[in-house]
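Below, each chain spelled out in residue letters.
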Amino acid sequence: MSTAKRDIYWDIIKGVAIFLVVLGHSLQYLYIDTEYSHTDYLFNFIYSFHMPLFMAVSGYFAHSSLSKPIVEVLKRKFIQIMIPAITWSLLISIMVYINTPTKSFSFSLGYWYLNALYGCYVIFLIGNILKQKYSWALYPYVLILIIFGQSFLSRWNVFIFFSSTFDCADNI
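Note that the structure is a prediction, hence the values are computed from the model and not measured.

Caption draft 1: Looking closely at the overall build of the protein. The number of helices and strands found in the protein is seven helices and zero strands. When burial is assessed residue by residue, the protein has 34% of its 172 residues classed as buried. A separation of at least 24 residues holds for 64% of the contacts in the protein among residues at least 6 apart in sequence. Split by element, the accessible area of the protein, about 11,500 Å² in all, is 67% carbon and sulfur.

Have a look at this one:
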């Protein structure tokens, strides 16, 4: 059993972020196909920061993974993050197939946040290895981003928020 003390500050931030995601999605589906869908001030306010907030919190807690072997971390995160995303996407695809008269099967890994979160882990762990090996590179992450290109990160505009707390976790 872990003897580390929980920081209530982070629990409150995570709770507020979860509430805002639920509220934002509720508003999104409440206004679907109406003239208010993207003109509601509360909806726009929540959507302006709720996922970046999640990414910043995730980046803060990801910093502790630097002390573990990269393969172990990526395997554990794949099991924690990607297996549920793949499983739910497959189940939803099967349910849609069963309930669609045309019976055309389409699989989509629709949980973009989980995909982006796993991608951030991969990029930052590789970036950290490069930073340790090549001390002249202040932020080798930029090189990785250029290599992977915009198409890889097109939906990941929250990437910068993961990095904002990832490198400063020791200082907070």
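Caption draft 2: Structural context of the confidence of the model for the protein. Model confidence for the protein is summarised by a mean pLDDT of 77, while 70% of its residues fall at 70 or above. Mean pLDDT across the elements of the protein ranges from a minimum in helix H6 (residues 141-152), with 57, to a maximum in helix H4 (residues 70-98), with 89.

Caption draft 3: Structural context of the pattern of salt bridges. Tallied over the entire structure, the rule returns one salt bridge. We note a salt bridge from Lys 14 to Asp 11, for which the minimum N-O separation is 3.8 Å. Placement of both Lys 14 and Asp 11 in helix H1 (residues 8-30) is noted, with a separation of three residues, approximately one turn of the helix. According to the relative accessible area criterion, Asp 11 is partly exposed, its value standing at 24%.

Caption draft 4: Highlighting H4. Along its 29 residues, H4 runs 40 Å from first to last C-alpha, staying within 8% of the 42 Å computed at 1.5 Å per residue. Considering bend angle alone, the principal kink of H4 is centred on Phe 78 and spans about 35°. Of all the residues in H4, the buried ones are Val 73, Leu 74, Lys 77, Ile 81, Met 82, Ala 85, Ser 89 and Ser 93. Where H4 is buried, its residues touch helix H5 (112-133).

Caption draft 5: Layout of the packing of aromatic side chains. Scanning the model with the defined rule gives eight aromatic pairs in all. Here Tyr 9 and Trp 10 contribute two aromatic rings whose centre-to-centre distance is 5.3 Å and whose plane-to-plane angle is 80°, an arrangement assigned as edge-to-face. By relative accessible area, Trp 10 is classed as buried at 9%. Judged by centre distance (5.6 Å) and plane angle (75°), the rings of Trp 10 and Phe 61 are edge-to-face. With Trp 10 in helix H1 and Phe 61 in helix H3 (residues 50-62), this residue pair connects regions lying 51 residues apart in the sequence. Taking the relative accessible area as the measure of exposure, Phe 61 reaches 38% and is therefore partly exposed. Through a chain of ring-to-ring contacts, three or more aromatic side chains come together here, namely Tyr 9, Trp 10, Tyr 60 and Phe 61. The aromatic ring of Phe 61 is capped on one face by Lys 14, whose charged end is 5.1 Å from the ring centroid.

Caption draft 6: Structural view of H1. For H1, built from 23 residues, the straight-helix expectation of 33 Å at 1.5 Å per residue is met to within 8% by its first-to-last C-alpha distance of 32 Å. Those residues of H1 that sit buried are Trp 10, Ile 13, Ala 17, Leu 20, Val 21, Gly 24 and Leu 27. In this structure, the buried residues of H1 make contact with helix H2 (41-47) and H3. If you check the start of H1, you find a side-chain oxygen 3.1 Å away from the backbone N of Tyr 9, and it comes from Asp 7.

Caption draft 7: Looking closely at a nonpolar patch on the surface. Side chains of Trp 88, Leu 91, Ile 92, Met 95, Val 96 and Tyr 111 sit close together on the surface and give an oily, nonpolar patch of about 570 Å² of accessible area. A relative accessible area of 32% places Tyr 111 in the partly exposed class.

Reading the values: rules and limits
Residues numbered from 1 in each chain as written. Predicted model: local features only at pLDDT ≥ 70, side-chain atom pairs only at ≥ 80, totals over all residues. Heavy atoms only, no water. Helix = DSSP H or I, 4+ residues; strand = E, 2+ residues; numbered from the N terminus. Buried < 20%, exposed > 50% of the residue type's maximum accessible area, 1.4 Å probe, protein only. Contact = heavy atoms within 4.5 Å. Areas by Shrake-Rupley, 256 points an atom, 1.4 Å probe, with all protein chains shown as cover. pLDDT = per-residue confidence, 0-100. Salt bridge = Lys/Arg side-chain N within 4 Å of Asp/Glu carboxyl O. Expected span 1.5 Å × (residues − 1). Bend = angle between axes of the 7 residues up to and from the residue. Phe/Tyr/Trp six-rings, centres within 6.5 Å; stacked < 30°, edge-to-face > 60°. Lys NZ or Arg CZ within 6 Å of the ring centre and 35° of its normal. Polar contact = N/O pair within 3.5 Å; in protein donor to acceptor, adjacent residues only side chain to side chain. Patch = residues over 30% accessible without salt bridge, like charges linked within 9 Å, V, L, I, M, F, W, Y side chains within 5 Å.

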